[in-house]
Amino acid sequence: MHTEPSRPHTLTNFTASLDHLRGSVLMMSSLTQRNLKNSIRGLMDRDDDWCNNSIADDEEIDLLEMQIDREGIDVMSRFQPVASDLREVISSIKIGANIERVADQAVNIARRARKINEHPEVPELHFLDELVKMAVSMFDDAVRSFAERNAHLAVELKARDKELDRLNRELTDKMIQRMQDDSANLPTYLNLIFVSRCLERIGDHAANMAEDVVFAVRAEDIRHLGK
Amino acid sequence: MSESPTSPPMLTDDFAPGEVNFMKVEDFNFFYGKKQALHGINLTIPSRKVTAFIGPSGCGKSTLLRNFNRMNELIPGTRHEGDITIHGTSIYDPSVEVIALRRRIGMVFQKSNPFPMSIYGNIVYPLRIAGERDRDVLDGAVERCLRSAALWEEVKDRLHESALSLSGGQMQRLCIARAIASRPEILLMDEPCSALDPIATAKVEELIIELRKDFTILIVTHNMHQASRVSDLTAFFYLGSLVEYDITQKIFTNPSSQQTEDYITGRFG
Amino acid sequence: MNSLTKASGNFFTQDGKGTSPLRLIRNGLLTGLCISLSLLTLLPLFSIVMLVVKNGWPLMSPALFTELPPPPGLEGGGFANAIIGTVIMVGIALLLAIPLGILAAIHITEYAPESFLSKSVRMVAKLLNGIPSIICGVFAFAAIVMTMHGFSALAGGVALSILILPTILLTSEQALLAVPGTYREASLGLGATSFQTILRVVLPDALPAIMTGVMLAVARAAGETAPVLFTALFSANWIHSIMEPTASLPVLIYNFAALPFDYQVKMAWSASLILVTVVTLTNVLAQIFFRPKHR
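Residues numbered from 1 in each chain as written. Chains lettered and ligands numbered in written order. Predicted model: local features only at pLDDT ≥ 70, side-chain atom pairs only at ≥ 80, totals over all residues. Heavy atoms only, no water.

Engineer: Mind showing me how you'd approach the sheet that holds strand β8 (residues 216-220) of chain B here?
Structural biologist: Neighbouring strands of a sheet are bound in pairs by backbone hydrogen bonds; such pairs are parallel or else antiparallel. Residues and elements named next belong to chain B. The sheet built from 6 strands is open, its strands ordered β6-β7-β8-β3-β9-β10 with mixed pairing. This sheet does not close on itself; its edge strands, each paired only once, are β6 (105-108) and β10 (241-247). In this sheet, adjacent strand axes meet at a mean angle of 15° when their direction is disregarded. As paired elements, strand β3 (residues 50-54) and strand β9 (residues 233-238) share 4 bridges and run parallel to each other. Note on β9: the bridge partner recorded for Ala52 is Thr234. Sheet strands touched by helix α7 (residues 198-211): β3, β7 (186-190) and β8. Its angle to β8, the strand with the most contacts, is close to 150°. (Pairing = 2+ DSSP bridges. Helix = DSSP H or I, 4+ residues; strand = E, 2+ residues; numbered from the N terminus. Axes fitted to C-alpha atoms, helices over the stretch in contact; angles between N-to-C directions. Contact = heavy atoms within 4.5 Å.)

Right under this line is the structure:
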């Protein structure tokens, strides 16, 4: 109903606490975006250094998830928020959990990439290009919709997730075919299937984040509709 | 000014028992001399529910409450336009005796005001002024009311001691017991907990929720969290107008009006 | 001085400012002045009591309460008729003034506080309060003695009632105003009528204060000489009806004190002692009997 809270609270430390919570979520999402990019780079450029960076930096993201939970509970117990404030706190906590899953998938991609890099390069690697582009843009848009309190953007994400699922299925089928035709590179094809799965999961989490944003902004629960 | 709804929206099966249109306020304006305190209030209050009036100081919530039992008429220079009906009958109808009206409606005030009499004397007062003399009836009423007010165990051995020897929370519960002695249909409560500590407040709130089974309760409170804990419906007033009126859960998770949102989240002023 | 005034003293004098000696001295002086002046006000009261007891005690005996006054020059006897006369006249005064005063006070505080009538009543009561007591006597003389062609205890009682009416009315008004408005509000909210509220809640709560006012009135009425002087006149005998003149303590004291006989003068002292004692006793008993029961 209202995309932006109209003015600050009379109690300034209430506004400050809410802003700090929001900041933590944004910080966590930007770190995850970076890690995801690094993992993809490590995969596409066949460079283990990027993969290792990504895996190492994941710890910071885990700590941030715990911090977000703590801050959220703190705001609820101290200020007993209602209405838009309450929805914002609850969504922030849930979005934090989703971002952490995305970060985990980035780590999984990095690990798979390292394994792929041990074997010779295959052209099928670039079958992933479209999937990668879509998953990354979905996550970026999910983060943006939270930052801008933009429910429209969030609603679109659900539709794109379906497309991502389709691309994942397509790629899996192609890889299975490849595995039958070219058994020498079977490990690589298998790992590519796993990477595709990670990207598909990232899309799911981005869609979940979108649902939480819509709840925070519009007080609508758009989960589990038309499944 | 946003549109005021005239009936509680989204009535589900929860609300079916009892009457939906038990109390109605229709196009109600109220004046203290030249100053208009209430503007065009339209409200429908169902029976056997707790309805809370919230809003900043001076918004008219207490003024409206005190009109239901025509207590505002005791203040010189007041007048009203519009109507208030209970169970279909206007409270301003010439055939309605103000005394009888006030016996059917109990009132609890912000600062508890027991009479300087014994506990027993306080509770039987409304019965005595209605002419009841039978000792057994009076004794029975005292026990019934004190039990309903969750005060019986605490005072049953000192019913003839002064009511003024009780603690603040006990005095307020005594006033509630006194208010229900003549079995009114409706209970009006004007900030009943604002002078009480948290434990006494919790006891009174628990009492309100219990009493809902038998009484229609209207409570004015400036503590929004109390409204959200205790009430089924909440009406938000501002500067003498009704801004929003809805089921409590909706008001506190997703209010329709920006003003309501600003008030309950503490962004007012 | 003590360590509090040293500049380097303690936590409370860190800013170097202790309490200046001048301020303390001034405080002590004023306190002392208040105490001593209060004691000073007790002085006249004690002096009077001492004097009356000292002079009135010697002749104290049961005979004073049972016998008639002796003829001038002779000894013995008492002033029983004066005591009875005072009691009767004060009684008549209370009978007239209490209902009038209290009911009027109820009207001006509860029913119509802002009406022209109430405002007028208040103003008149305040004016009457300061009226010289002899004027009350003159009025009763004209109204009753002259119309009934005779002095009487009734006239005396009426004169006294006019004297004490303003006191009772005004103190009752104050007593009623002192009752918290929340009691009235609670009572009316429970569906009581104004009458029930006044009868069951307001009056009982105001009663101790009203009774104080009544006791003040009694003390005044019992001791005033002028109004009684030419309405009830005097009598050396027992009273048989209120239409007769009667003796009264103030007039007896007035008469006997002026006589050249030592015995009668001493009787006057005893009468004064009895008057003072009775008034004090009434006061104390009223305070005990009408004390607030639930506070």
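Back to the write-up after that little detour.
Engineer: For this particular structure, what's the right way to read the arrangement of the chains?
Structural biologist: If you rank the 2 pairs of chains in contact by how many contacts each has, first place goes to chains B and C. With respect to C-alpha atoms, chain A approaches chain C no nearer than 33 Å, and the pair has no contact.

Engineer: Which parts of the structure should I look at to understand the pairing of β9(B)?
Structural biologist: Along any regular strand, the residues point their side chains to alternate faces of the sheet. Residue and element names in this part refer to chain B. Most of β9 sits out of view: 5 of its 6 residues are buried. Here β9 runs beside β10; their pairing, made up of 6 bridges, is antiparallel. Considered in β10, the bridge of Phe236 is made with Glu244. Between β9 and β10, which pair antiparallel in sequence order, lie 2 residues; one of them, Leu239, sits at a positive phi of approximately 50°. (Buried < 20%, exposed > 50% of the residue type's maximum accessible area, 1.4 Å probe, protein only.)

Engineer: I keep staring at the interface of chain A and chain B and nothing clicks. Help me out?
Structural biologist: Reports of interface size often rely on the accessible area that becomes lost once the parts have come together. If you look at the interface, chain A gives 16 residues, while chain B gives 15 residues. Here chain A and chain B share an interface that buries about 1,400 Å² over both sides, 43% of which is from carbon and sulfur atoms. At the surface where chain A touches chain B, the tally comes to 2 salt bridges. Put simply, Asp262(B) and Arg7(A) hold a salt bridge, and the shortest N to O gap is 3.4 Å. The tally of links between chain A and chain B comes to 9 residue pairs in polar contact (both at pLDDT 80 or more). The leading source of residues in the side of chain A that touches chain B is helix α3 (residues 83-117) of chain A, at 4 residues. (Buried area = accessible area lost by both parts, 1.4 Å probe. Salt bridge = Lys/Arg side-chain N within 4 Å of Asp/Glu carboxyl O. Polar contact = N/O pair within 3.5 Å; in protein donor to acceptor, adjacent residues only side chain to side chain.)

Engineer: Hey, could you run me through the sheet that holds strand β1 (residues 23-32) of chain B in this one?
Structural biologist: Residue and element names in this part refer to chain B. Taken in spatial order, the 4 strands make up an open sheet running β2-β1-β4-β5, and their pairing is antiparallel. The two strands at the open ends of the sheet, each matched to only one other strand, are β2 (35-45) and β5 (89-90). Along the sheet, helix α1 (residues 61-68) makes contact with β1, β2 and β4 (78-86), crossing β1 at roughly 115°.

Engineer: What's the story with the packing of helix α4 (residues 129-148) of chain A against helix α5 (residues 151-181) of chain A in this structure? I'm lost.
Structural biologist: A pair of packed helices is characterised by two quantities: the angle between their axes and the separation of those axes. All names here are of chain A. Here α4 crosses α5 at 160°, and the two axes come no closer than 10 Å. Taken together, the axes of α4 and α5 lie roughly antiparallel to each other. Relative to α5, the crossing made by α4 is left-handed. On α5, the residues that touch Glu130, Leu131, Met134, Ala135, Ser137, Met138, Asp141, Ala142, Arg144 and Ser145 of α4 are Leu153, Ala154, Leu157, Arg160, Asp161, Glu163, Leu164, Leu167, Asn168 and Leu171. For the contact of α4 with α5, the per-class residue count stands at 11 nonpolar, 3 polar and 6 charged. (Parallel < 35°, antiparallel > 145°, perpendicular 65-115°, else oblique. Left-handed = near helix turned anticlockwise from the far one by under 90°. Nonpolar A, V, L, I, M, F, W, Y, C, P; charged D, E, K, R; others polar.)

Engineer: Quick question: what am I supposed to make of the nonpolar core here?
Structural biologist: What tends to happen in soluble globular proteins is that the nonpolar side chains get buried as a cluster. Of all hydrophobic cores here, the largest spans 65 residues; its most connected members are Phe115(B), Tyr125(B), Phe79(C), Ile164(C) and Val214(C). A total of 13 residues in this core trace back to one element, the largest contributor, which is helix α8 (residues 194-223) of chain C. What Ile164(C) contacts, discounting residues up to four positions off in sequence, is Ala93(C), Leu94(C), Ala97(C), Ala217(C) and Ala221(C). Core analysis: the next-biggest nonpolar cluster, separate from the first, contains 64 residues, Ala142(A), Leu157(A), Tyr189(A) and Ile202(A) among them. (Core = buried A, V, L, I, M, F, W, Y, C linked by side-chain atoms within 4.5 Å.)

Engineer: I tried to follow the packing of aromatic side chains on my own but got confused; where do I start?
Structural biologist: One pair of aromatic rings is described through two measures. These are the centre distance and the angle between the planes. Residue and element names in this part refer to chain C. The full count for this structure, using the stated rule, is 11 aromatic pairs over all chains. Between the aromatic rings of Phe141 and Phe151, the centroid separation amounts to 6.1 Å while the plane-to-plane angle is 40°, which identifies the pairing as tilted. Of this pair, Phe141 sits in helix α5 (residues 133-145) while Phe151 sits in the loop between α5 and α6 (153-177), and the two are 10 residues apart along the sequence. Overall, Phe151 belongs to the partly exposed group, its relative accessible area being 28%. (Phe/Tyr/Trp six-rings, centres within 6.5 Å; stacked < 30°, edge-to-face > 60°.)

Engineer: Which parts of the structure should I look at to understand the interface of chain C and chain B?
Structural biologist: Contact residues are listed per partner, giving 18 residues for chain C and 25 residues for chain B. Of the roughly 1,900 Å² buried between chain C and chain B, counting both surfaces, carbon and sulfur atoms make up 64%. One salt bridge in this structure joins Arg66(B) and Glu185(C), with 2.6 Å as the shortest N-O distance. One can count 5 residue pairs in polar contact (both at pLDDT 80 or more) joining chain C with chain B. Among the elements of the structure, α7 (181-189) and α8 of chain C are those that each provide at least two residues to the side of chain C that touches chain B. In the side of chain C that touches chain B, the residues fall into 6 nonpolar, 8 polar and 4 charged.

Engineer: Mind showing me how you'd approach unusual backbone geometry here?
Structural biologist: Note: most residues except glycine have negative phi, and most peptide bonds are trans. Phi is positive for Gln80(A), close to 40°, though the residue is something other than glycine. Among the structural elements, Gln80(A) can be located in the loop between α2 (48-79) and α3. Unlike most non-glycine residues, Arg48(B) shows phi in positive territory, near 55°. Tracing the chain through its elements places Arg48(B) in the loop between β2 and β3.

Engineer: Looking at this model, I keep getting lost on a nonpolar patch on the surface. Mind explaining?
Structural biologist: All names here are of chain C. Judged by side-chain polarity, Ile35, Leu39, Leu42, Leu45, Phe46, Val49, Met50, Val53 and Trp57 come together as a nonpolar surface patch covering roughly 910 Å² of accessible area. Here Val49 is to be found in helix α1 (residues 21-56). A relative accessible area of 35% places Val49 in the partly exposed class. (Patch = residues over 30% accessible without salt bridge, like charges linked within 9 Å, V, L, I, M, F, W, Y side chains within 5 Å. Areas by Shrake-Rupley, 256 points an atom, 1.4 Å probe, with all protein chains shown as cover.)

Engineer: Would you take a moment to explain the environment of Glu244(B) for this structure?
Structural biologist: Residue and element names in this part refer to chain B. Following the sequence through the fold, Glu244 ends up in strand β10. A relative accessible area of 5% places Glu244 in the buried class. Spatially, the C-alpha atom of Glu244 lies 31 Å from that of Arg183, the residues being 61 residues apart in sequence. With residues near it in sequence (within four places) discarded, Glu244 still touches Thr234, Ala235, Phe236, Ile251, Pro255, Ser256, Ser257 and Thr260. Only 2.7 Å separates the side chain of Glu244 from the side chain of Thr260, close enough to count as a polar contact.

Engineer: I'm lost on the environment of Gly55(B) in this one. Help?
Structural biologist: All names here are of chain B. Mapped onto the elements, Gly55 comes out in the loop between β3 and α1. We classify Gly55 as buried; its relative accessible area is 1%. Residues Gly55 and Tyr238, spaced 183 residues apart in sequence, show a C-alpha to C-alpha distance of 5.9 Å. For Gly55, the contacting residues outside a window of four places in its chain are Lys61, Phe236, Phe237 and Tyr263.

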